[in-house]
Amino acid sequence: MIINQNGIFHIQMEEYSYLFRIDPYGIVQHLHFGAPVRTEDAEGFFCHPGLGWGSCTVLDDADSGTCLDDKPLEWSGSGRGDYRESPIELSGRSTDFRFAGSRTYKGVAPFDCTLPQAKGDCETLEILLEQQGLRLKLIYSAFATALVRRTVLENTGSEPVSLNKLMSFSLDLHGDFRMTTFNGGWIAEMRRQDTPVGGSKVVNESLTGASSNRHNPGFLLWEEDATETSGRVYGFNLIYSGNHYAAAQQSLQGFTRVMQGINPSNFCRILQPGEQFETPEAVLCHSDAGFGDLSCRMHTFVNHHIVPEYWQGRPRPVKYNSWEGCMFDFSQRRLLDLADRAKKMGCELFVLDDGWFGQRNNDRAGLGDYAVNRKKLPEGMEGLADRIRAKGMEFGLWFEPESVNPDSDLYRAHPDWALTDEFTPVLGRHQLLLDLTKPEVRDYIVEKVSGLLDSAKISYVKWDMNRHSIALGAKAHDFVLGLYEVLGRIFGLRPRILLESCSSGGNRFDLGMLCFSPQVWCSDDTDPIERLTIQGNLSFLYPQSTFGAHVSAAPHAQTLRATPLATRGNVAFFGCLGYELDLKHLLPVEEKEVKAQIEFYKAHRSVFQYGEFSRTALGWQVSDGTTTIAGVFHTLVHAAPGYEKLRITGLNRDSVYSVTSLAQAIRVGQFGSLLKHVVPVNIDPNGALLRLADSRFTLKNAVEDLTASGAALHSGILLKPLFRGTGYDENQRTQGDFGSDIYIIVPKKQDFSEIK
Ligand code: GLA
């Protein structure tokens, strides 16, 4: 509900309150963003200036309390006494916007441009601010678990205006905060960094043209005592896939100014009289119950208001992807053989990755030419798709439509379609970007991709993008608008196609892409131990339904680390499961294990994809309110490990639950010469006999099977012992480095009184 009472605006939701007031000068002063309060509480949040502070520039010389610099503001300007960072910059001009009106309505405020936006049930408040020749709208859309803000600047004067910066929101929060950002690079996405926010500014920004794997646009601000289950935490994110910028800085008065929007670096837009500029939407979320609750609120928001409607809550298929197994080296025969194997394992979707078109036999040529390579696929895409579908699987295809190799027919025909500057082109992965600001380029992409999608029965698209942009400022923004137009034209008409966005892995994991693609390929790093960091840190802001998570071959291409197949599966379960390895090389024991993994995942798919997710002391937990599944993950083991306590949250303390663990095969090969201690013959650890045994026989890992109350599980149960160097036993978790277990907790029919 949005309340407007005596100059106080209150966005009053069940989960949060957001209050600000219009002061006698028409300045919008922030009051509160946090736990729900009453409108009558507003006065308690007033910032009383008293006699002001020393060295102030005041709006009204007769009133020493009218300095903008010391106040918590909902929006600020330049050149009028607020010397903190301004969310708006016009070339060489002051800005001093004053309140001019407001309106509220049901639903969102639709964009005039192609920017994507949050959708669904909400109420919107528009605050109109004006100064001579300019009109600024602050737009607030109140969704159940998050507030969405954006701004629109309109030139109402008669002269052009040069806009250098316009943030989606600015906000002054009282408190001492730390800022968590997620940084990295290729195969190293989402590395968490915590920085105290003090008098020096903390900035999170990307300048690569995309939201980037270097600095994800999502970030957190939290008070020092916050934990997973308690304390004050804010989450912020931008519904945008281009260069972003966010900053936080604390003032002497104890207000932390936080803002987010399009990166102003090199940005300049000339607004002609009558023209307007719209910023992307920013998402603001609060919890006073810790990181876990904040994440759940963000997850709910993304699942209900960001991903395309058709895919909201819809089960995602278990897929097989050809990339890591085949790379560019395949024929229809090889693909069909893989498809047979994938089907036998239980996969539901077969995805043909890169290499199916033009001269695309390596990454140096062919991008841009989407004619099917008939040498590799003699029956064309339709033929291949039909054959795969005849096996009982859906068929999906990889595209990289935003890029072009100079060695391609497209580039030879239209060199001017590539995005270049006045210098010799700089290549990234041997490619250039196409200039999506040009309508003819957008038409080409729409025509080529749509044509293919309609020529064969394709129900999934992996939309890749593998280079950074050189476009600066406003052109970089127009590129992103062009991309959104293209995605809208192709997939708006084909909403049932499952789109998975990818950009060298997680180089564009953002809410803008998620408005079109319900899933994103998290990273080209498929090592499960690395994925604990990548998926674990993504989980602060994004739900597991959005994670493309695959099991690949070990040793891993990215780390050379060998990890157990069980752990590869156990980590990928907490996302949208897929397999990406040459299935032909699976040993019989591995085939059996993969089959069992897929069967288990399918039985619990909705809990894994849409259950409430928590980060726990030992790993991750998901729950749909009935079934709870906990993953316990190990990295490097220590000798003589102590007991581990598994704590399960969210259960009914008085109910009784059965706790079982997923049976797991222990490969005999991993014991090498140690086998002589458990079998009567002295087996050569490097010999053929061990290799044969390893491919066919497995040992048992401890299986949990007990009954416990919710109260006991809440306080924690002791798990079966880990291997301690004293021998093999069926009741021990004999796993070694990178081992893991999955526990399934479901209510038992009877309760304690019946047991008595
Ligand atoms: C990128 C993607 C990979 C794969 C290759 C194909 O690196 O992230 O998953 O699709 O391109 O060239």
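## A few points about the overall build of the chain
Now for step 1: Counting its regular elements, the chain contains 15 helices and 40 strands.
Now for step 2: Against the compact-globule benchmark of 27 Å for 756 residues, the chain has a radius of gyration of 28 Å, which places it among compact chains.
Now for step 3: In terms of its C-alpha atoms, the chain occupies a principal-axis envelope of roughly 100 × 75 × 40 Å.
Now for step 4: A sequence separation of at least 24 residues applies to 71% of the contacts in the chain between residues at least 6 apart.
Now for step 5: Of the roughly 29,300 Å² of accessible surface on the chain, 51% is carried by carbon and sulfur atoms.
Now for step 6: Counting 76 positive and 92 negative side-chain charges, the chain places the averaged centre of each group 6 Å from the other.

## So, unusual backbone geometry
Now for step 1: In this structure, the amide linkage connecting A554 to the following residue, P555, adopts the cis form with an omega of 0°.
Now for step 2: In this structure, R429 takes a positive phi of about 45° despite not being glycine.
Now for step 3: Examined against the element boundaries, R429 turns out to sit in the loop between α5 (409-413) and β25 (432-433).

## Describing helix α4 (residues 380-390)
Now for step 1: Of all the positions in α4, only G380, M381, G383, L384, A385 and I388 are classed as buried.
Now for step 2: Structurally, α4 contributes buried residues whose contacts are with α3 (332-345), β22 (349-352), β23 (394-399) and α6 (439-455).
Now for step 3: Following α4 by one or two positions, G392 adopts a phi angle in the positive range, close to 95°.

## A word on the site of the ligand
Now for step 1: As a structural note, the neighbourhood of the ligand is formed by 13 residues, with D353, D354, K462, D464 and D524 the closest of them.
Now for step 2: Contact distances for the ligand include 2.6 Å between an oxygen atom and a side-chain N or O atom of D354.
Now for step 3: For the ligand, the protein covers 96% of the area, taking 310 Å² as the surface of the free molecule.
Now for step 4: Grouping the constituent residues of the shell around the ligand by class yields 4 nonpolar, 3 polar and 6 charged.

## Concerning empty space enclosed by the protein
Now for step 1: Under the defined criterion, the tally for this structure stands at 7 cavities of 30 Å³ or more.
Now for step 2: There is about 140 Å³ of room inside the largest cavity.
Now for step 3: Looking at the lining of the largest cavity, its residues break down into 7 nonpolar, 5 polar and 3 charged.

## Description of the sheet that holds strand β4 (residues 28-34)
Now for step 1: Spatial ordering of the open sheet is given by β1-β2-β3-β4, a layout of 4 strands whose pairing is antiparallel. Of all strands in the sheet, those bounded by a partner on one side alone are β1 (2-5) and β4. Strand-to-strand, the axes of this sheet are offset by a mean angle of 15°, without reference to chain direction.
Now for step 2: Sheet topology note: the strand β2 (residues 8-12)/strand β3 (residues 17-22) ladder contains 5 bridges and is antiparallel. Bridging across to β3, I8 finds its partner in R21.

## Some remarks on the pattern of salt bridges
Side chains that differ in sign of charge can pair as their charged atoms come close.
Now for step 1: Going through the model one piece at a time under the given rule, you end up with 51 salt bridges.
Now for step 2: We note a salt bridge from K319 to E500, for which the minimum N-O separation is 3.0 Å. Here K319 is found in strand β21 (residues 319-321), whereas its partner E500 is found in strand β27 (residues 498-501), with 181 residues between them in sequence. Taken as a pair, K319 and E500 share a single burial class, namely buried.
Now for step 3: Where R605 meets E348, a salt bridge forms, and the shortest distance between an N and an O atom there is 2.8 Å.

## Quick notes on the nonpolar core
Now for step 1: Judged by nonpolar contacts, the single largest core of 176 residues is most densely connected at L221, W356, M381 and W463.
Now for step 2: By size, the runner-up hydrophobic cluster in this structure holds 14 residues, among which are A630, V632, L651 and A708.

## A look at the packing of helix α9 (residues 528-538) against helix α10 (residues 565-572)
Now for step 1: Where α9 meets α10, the axes come as close as 9 Å, and the angle between the chain directions of the two elements is 15°. The orientation of α9 relative to α10 falls into the category roughly parallel. Two packed elements cross with a definite hand, and for α9 against α10 that hand is left-handed. Between α9 and α10, the contacting residues are P528, I529, R531, L532 and Q535 on the first element and T567, R568 and V571 on the second.
Now for step 2: A per-class count over the contact of α9 with α10 returns 4 nonpolar, 2 polar and 2 charged.

## Remarks on the state of the cysteines
Now for step 1: The final tally for this structure, using the stated rule, is 0 disulfides.
Now for step 2: Of all cysteine sulfurs, the one in C515 lies closest to C113, which takes part in no disulfide; the gap is 12 Å.
Now for step 3: Here C326 is not disulfide-linked; the sulfur of C347 is the nearest cysteine sulfur, at 13 Å.

## Topic: the pairing of strand β8 (residues 134-142)
Now for step 1: Among the 9 residues that make up β8, 7 are buried, leaving the element largely enclosed by the rest of the structure.
Now for step 2: Here 9 bridges tie strand β7 (residues 123-131) to β8, and the two strands are oriented antiparallel to one another. Across the sheet, the residue bridging to E126 is I139, located in β8.
Now for step 3: Two successive antiparallel strands, β7 and β8, enclose a turn made up of 2 residues, where G133 displays a positive phi of approximately 80°.
Now for step 4: In terms of strand pairing, β8 meets strand β9 (residues 147-155) through 9 bridges, oriented antiparallel. What sits directly across from S141, in β9, is V148.
Now for step 5: Joining the antiparallel neighbours β8 and β9 is a turn of 4 residues.

## A few points about the domain arrangement of the chain
Now for step 1: Each domain of the chain was delimited in the assignment, giving domain 1 (2-49 + 56-305), domain 2 (309-608) and domain 3 (630-664 + 701-754).
Now for step 2: A separation of 44 Å is found between the C-alpha centroids of domain 1 and domain 3.

## Quick word on the pairing of β2
Now for step 1: For β2, the tally of buried residues reaches 4 of 5 residues, placing the bulk of the element in the interior.
Now for step 2: Here β1 runs beside β2; their pairing, made up of 4 bridges, is antiparallel. By the bridge assignment, I2 is partnered in β2 with I11.
Now for step 3: A loop of 4 residues connects β2 with β3, the two strands running antiparallel in sequence.

## Some details on helix α13 (residues 688-696)
Now for step 1: The set of residues buried in α13 consists of L690, A693, D694 and S695.
Now for step 2: Taken together, the buried residues of α13 touch α11 (588-603) and β36 (665-667).

## Topic: the packing of aromatic side chains
Now for step 1: One pass over the full model with this rule turns up 41 aromatic pairs.
Now for step 2: When the centroid spacing of 5.5 Å and the interplanar angle of 50° are considered together, the rings of F573 and F600 count as tilted. Here the residue F573 occupies a position in the loop between α10 and β30 (576-580), and F600 occupies one in helix α11, the gap between them amounting to 27 residues. Side by side, F573 and F600 carry an identical accessibility label, which is buried.
Now for step 3: Where Y601 meets F608, the ring centres are 5.7 Å apart and the plane angle is 15°; that geometry is what we call stacked. With respect to burial, Y601 and F608 carry one shared label: buried.
Now for step 4: Through successive ring pairs, a cluster of aromatic residues spans F9, Y16, Y18, F20, F33, F99, Y140, F169, F177, F219, Y234 and F236.

What counts and what doesn't
Residues numbered from 1 in each chain as written. Predicted model: local features only at pLDDT ≥ 70, side-chain atom pairs only at ≥ 80, totals over all residues. Heavy atoms only, no water. Helix = DSSP H or I, 4+ residues; strand = E, 2+ residues; numbered from the N terminus. Rg over C-alpha atoms; globule rule 2.2 N^0.38 Å. Contact = heavy atoms within 4.5 Å. Areas by Shrake-Rupley, 256 points an atom, 1.4 Å probe, with all protein chains shown as cover. Lys, Arg positive; Asp, Glu negative; His and termini not counted. Charge placed at Lys NZ, Arg CZ, Asp CG, Glu CD. Buried < 20%, exposed > 50% of the residue type's maximum accessible area, 1.4 Å probe, protein only. Near = heavy atom within 4 Å. Polar contact = N/O pair within 3.5 Å; in protein donor to acceptor, adjacent residues only side chain to side chain. Nonpolar A, V, L, I, M, F, W, Y, C, P; charged D, E, K, R; others polar. 1 Å grid on protein atoms, 1.4 Å probe; cavity = no way out; pocket = protein on both sides within 12 Å on 5 of 7 lines; lining within 4 Å. Points joined across faces, edges and corners; volume = space filled by probe spheres on them. Pairing = 2+ DSSP bridges. Axes fitted to C-alpha atoms, helices over the stretch in contact; angles between N-to-C directions. Salt bridge = Lys/Arg side-chain N within 4 Å of Asp/Glu carboxyl O. Core = buried A, V, L, I, M, F, W, Y, C linked by side-chain atoms within 4.5 Å. Parallel < 35°, antiparallel > 145°, perpendicular 65-115°, else oblique. Left-handed = near helix turned anticlockwise from the far one by under 90°. Disulfide = S-S within 2.5 Å. Domains from an automatic or database assignment. Phe/Tyr/Trp six-rings, centres within 6.5 Å; stacked < 30°, edge-to-face > 60°.

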